[in-house]
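Observations on chain architecture
As a plain string of letters, each chain reads:
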Amino acid sequence: MRRFISRNKGFSIGSLMVIIVIIMAVFAPLIAPHGYAEADLMDALEPPGGEHLLGTDQFGRDLLSRIIYGARLSLMIGIFAQAINLIIGVTLGLAAGYLGGKLDDAIMGLTNVMLSMPVLILAMAVMTLLGPGLVNLFIALGLTNWTYGCRIARSETLSLKEEDFVSAARAIGCSTFRILRRHILSNCLGPILVIATLGVADAILIGAALGFLGLGAQPPQSEWGTMLSHGRDYLRLAPWICTFPGLALVFTILGFNLLGDGLRDFTDPYLRTRK
């Protein structure tokens, strides 16, 4: 593992970037110089520098503080939404791969239908029905982006269920649930972990897009997509209002993607050996 980390620079850089975002999210009240909703109209649209390192927005709120608190909200969106995705997708994938038959056909048919439609459009439709809000955002992202986890879990299950240890477990009378949980799921955690890491970045990006459209987190909550939406009217007068939240979003998504690529290389023996 230590040798792999020293050779895979992308994994090391991605891990460091994700750790930085996690530290910002966990210790936001200690790191942020001001509260995320602390406003002073006398300081509105101040450029970066001085007391406000990244400047202020149109309400005089400190951008650095709002970006730091926004890391907490963005991570919550990514982690909770992806957790729902994995629960739905992996459960359906394990059932389809192990049981097969008409159940497999039905689940794969539903998966193909979901894959044929853009996730953002589906999430927007669900949010339109449920209404804007953070909890509804978790539900919308969790119900619309589970397909990749389902296909990965199914493909792994199809190969693992023919292994001798699964046949032996079946021969001694282990229940289907025990075989799936103890013998199949535990042996396909590597690919699922990769999908989960990349899915967090995807959920953060889609959550920011919904926030930009006004369907995600609502004011005065500090969320990067919402900050971009509020700053677009001041793009010429105060470009820093959009620039710094956009950079924070790019930094976080790039970190999770690099981490996911590194985990993919580590869990795939062929790629690890070739590199």
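Procedures and definitions
- Residues numbered from 1 in each chain as written.
- Predicted model: local features only at pLDDT ≥ 70, side-chain atom pairs only at ≥ 80, totals over all residues.
- Heavy atoms only, no water.
- Helix = DSSP H or I, 4+ residues; strand = E, 2+ residues; numbered from the N terminus.
- Buried < 20%, exposed > 50% of the residue type's maximum accessible area, 1.4 Å probe, protein only.
- Contact = heavy atoms within 4.5 Å.
- Areas by Shrake-Rupley, 256 points an atom, 1.4 Å probe, with all protein chains shown as cover.
- Lys, Arg positive; Asp, Glu negative; His and termini not counted.
- Charge placed at Lys NZ, Arg CZ, Asp CG, Glu CD.
- Core = buried A, V, L, I, M, F, W, Y, C linked by side-chain atoms within 4.5 Å.
- Patch = residues over 30% accessible without salt bridge, like charges linked within 9 Å, V, L, I, M, F, W, Y side chains within 5 Å.
- Salt bridge = Lys/Arg side-chain N within 4 Å of Asp/Glu carboxyl O.
- Phe/Tyr/Trp six-rings, centres within 6.5 Å; stacked < 30°, edge-to-face > 60°.
- Lys NZ or Arg CZ within 6 Å of the ring centre and 35° of its normal.

1. Observations regarding the overall build of the chain
- Helix and strand counts for the chain stand at 14 helices and 0 strands.
- Its helices and strands taken in sequence order, the chain reads α-α-α-α-α-α-α-α-α-α-α-α-α-α from the N to the C terminus.
- Looking at the chain residue by residue over its 275 residues, the buried ones come to 46%.
- Contacts in the chain between residues far apart in sequence, at least 24 positions, make up 70% of those at least 6 positions apart.
- Of the roughly 13,900 Å² of accessible surface on the chain, a fraction of 67% belongs to carbon and sulfur atoms.
- For the chain, the distance from the average position of its 21 positive side-chain charges to the average position of its 19 negative side-chain charges is 12 Å.

2. Topic: the nonpolar core
- By size, the foremost hydrophobic cluster in this structure holds 32 residues, and its most contacted members are Ile-67, Trp-224, Leu-249 and Phe-256.
- Only helix H2 (9-26), helix H4 (63-99), helix H11 (189-212), helix H12 (224-231) and helix H13 (240-267) provide two or more residues apiece to this core.
- Residue contacts for Trp-224: discarding those within four places in its chain leaves Arg-66, Ile-67, Gly-70, Ala-71, Ser-74, Pro-245, Ala-248, Leu-249 and Thr-252.
- Ile-77, Ala-81, Val-119 and Ala-203 belong to the second-largest nonpolar core, a separate cluster that totals 17 residues.

3. Considering a nonpolar patch on the surface
- Together, Ile-19, Ile-22, Ile-23, Val-26, Phe-27, Leu-30 and Ile-31 make up an exposed nonpolar region whose accessible area comes to about 640 Å².
- Looking at the nonpolar patch, the elements that each hand over two or more residues are H2 and helix H3 (28-31).
- It is H2 that contributes the most residues to the nonpolar patch, 4 residues altogether.
- The topology assignment puts Ile-22 in helix H2.
- In this structure Ile-22 comes out as partly exposed when scored by relative accessible area, which is 38%.

4. Digging into the packing of aromatic side chains
- What the rule picks out here adds up to 2 aromatic pairs.
- Both rings, one in Tyr-36 and one in Tyr-69, keep their centres 5.2 Å apart while their planes meet at 55 degrees; by these two values the pair is tilted. Here Tyr-36, found in the loop between H3 and H4, pairs with Tyr-69, found in helix H4; they are 33 residues apart in sequence, far enough to count as distant.
- Here Tyr-36 falls in the partly exposed class, since its relative accessible area comes to 31%.
- When its relative accessible area of 17% is taken as the criterion, Tyr-69 is described as buried.
- Residues Phe-80 and Phe-138 carry aromatic rings whose centres are separated by 5.5 Å and whose planes lie at 50 degrees to one another, so their mutual orientation is tilted. Of this pair, Phe-80 sits in helix H4 while Phe-138 sits in helix H7 (residues 134-144), and the two are 58 residues apart along the sequence.
- Judged by relative accessible area, Phe-138 falls into the buried class, the value being 13%.
- Stacked on the ring of Phe-212, the Lys or Arg Arg-232 has its end atom at 4.9 Å from the ring centre.

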